Amino acid sequence: YAYVGWAPEPTQHNLCYNGDFESSTYGTTGWAVTAVASVCGAATSITRVTTAAKYGTASGEVVVPLNATADKGASFRIPRPTTEGQVLFAGCWVRSAADTDNVQILLGNTTDGVTAGTVATLSTTWQFITCVMSTVLTAHRTEFYAAVVQDTINTAATWQFDGFFVMDANPA
């Protein structure tokens, strides 16, 4: 027997294709710790770890250096056209085994800057943080960045994050 059918494309999907770190093949593909102008500062490293996970068996672990700047962390470049007035929604779970710094999500680009999301103080318990970007874009752009960053100055830290997603809140 053969069955032929048609189904519409889902209206929502995660624009961050590696937000769960479950694939050992992908590892940290797509994530970067280099500074992105007007978005975030550089971190020391990002690795896939299996010692802490909110979902599945793995998460991303970010290490940030001791220096005098805030907003250091990992970023994910999303090469997707965006337009003025478009609303993007991001979220993820964060925790740390030992550090109590503040972390948050940033959404934006190198031209228009970023929108900062809710701030969470790290603890050993997984916490959900979000960010809604609706006013940063001033014109059509060809890409944007999602970043999970440390919001504390003058401290070094290590934290894990899992289940990172970015969605278009008003898909066409």
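Residues numbered from 1 in each chain as written. Predicted model: local features only at pLDDT ≥ 70, side-chain atom pairs only at ≥ 80, totals over all residues. Heavy atoms only, no water.

Enquirer: Give a description of the sheet that holds strand S2 (residues 45-49) that names residues and reports values.
Expert: Pairing in this open sheet of five strands is antiparallel, and the strands run S2-S3-S11-S5-S9 from one edge to the other. What marks the edges here is a single partner per strand, and that holds for S2 and strand S9 (127-133). Averaged over all adjacent pairs, the angle separating strand axes in this sheet is 30°, with direction ignored. As defined by bridge partners, strand S5 (residues 88-95) adjoins strand S11 (residues 157-168) across seven bridges and the pair is classed as antiparallel. By the bridge assignment for S11, Ala 90 is matched with Val 166. (Pairing = 2+ DSSP bridges. Helix = DSSP H or I, 4+ residues; strand = E, 2+ residues; numbered from the N terminus. Axes fitted to C-alpha atoms, helices over the stretch in contact; angles between N-to-C directions.)

Enquirer: A description of the state of the cysteines should follow, citing residues and the corresponding values.
Expert: Within this structure, the stated rule accounts for zero disulfides. The closest cysteine sulfur to the non-disulfide-bonded Cys 16 is located on Cys 92, 9.4 Å from its own sulfur. Taking the relative accessible area as the measure of exposure, Cys 16 reaches 2% and is therefore buried. Note on Cys 92: relative accessible area 0%, which makes it buried. (Disulfide = S-S within 2.5 Å. Buried < 20%, exposed > 50% of the residue type's maximum accessible area, 1.4 Å probe, protein only.)

Enquirer: Any chance you could break down the packing of aromatic side chains for me, citing the residues and the numbers?
Expert: Taken as a whole, this structure holds 11 aromatic pairs when the rule is applied. Ring centres of Phe 21 and Trp 31 lie 5.9 Å apart, and the angle between their planes is 25°; this geometry places the pair in the stacked category. Here Trp 31 lies in strand S1 (residues 31-32) and Phe 21 lies in the segment before S1, a separation of 10 residues in the sequence. Residues Phe 21 and Trp 31 agree in their burial class; the two are buried. Aromatic rings pair up to connect Tyr 17, Phe 21, Tyr 26, Trp 31, Phe 76, Phe 161 and Phe 164 into one cluster. We note Lys 54 situated over the ring of Trp 93; from NZ or CZ to the ring centre the distance is 4.2 Å. Over the ring of Trp 126 we find Arg 95; its NZ or CZ atom is 5.9 Å from the centre of that ring. (Phe/Tyr/Trp six-rings, centres within 6.5 Å; stacked < 30°, edge-to-face > 60°. Lys NZ or Arg CZ within 6 Å of the ring centre and 35° of its normal.)

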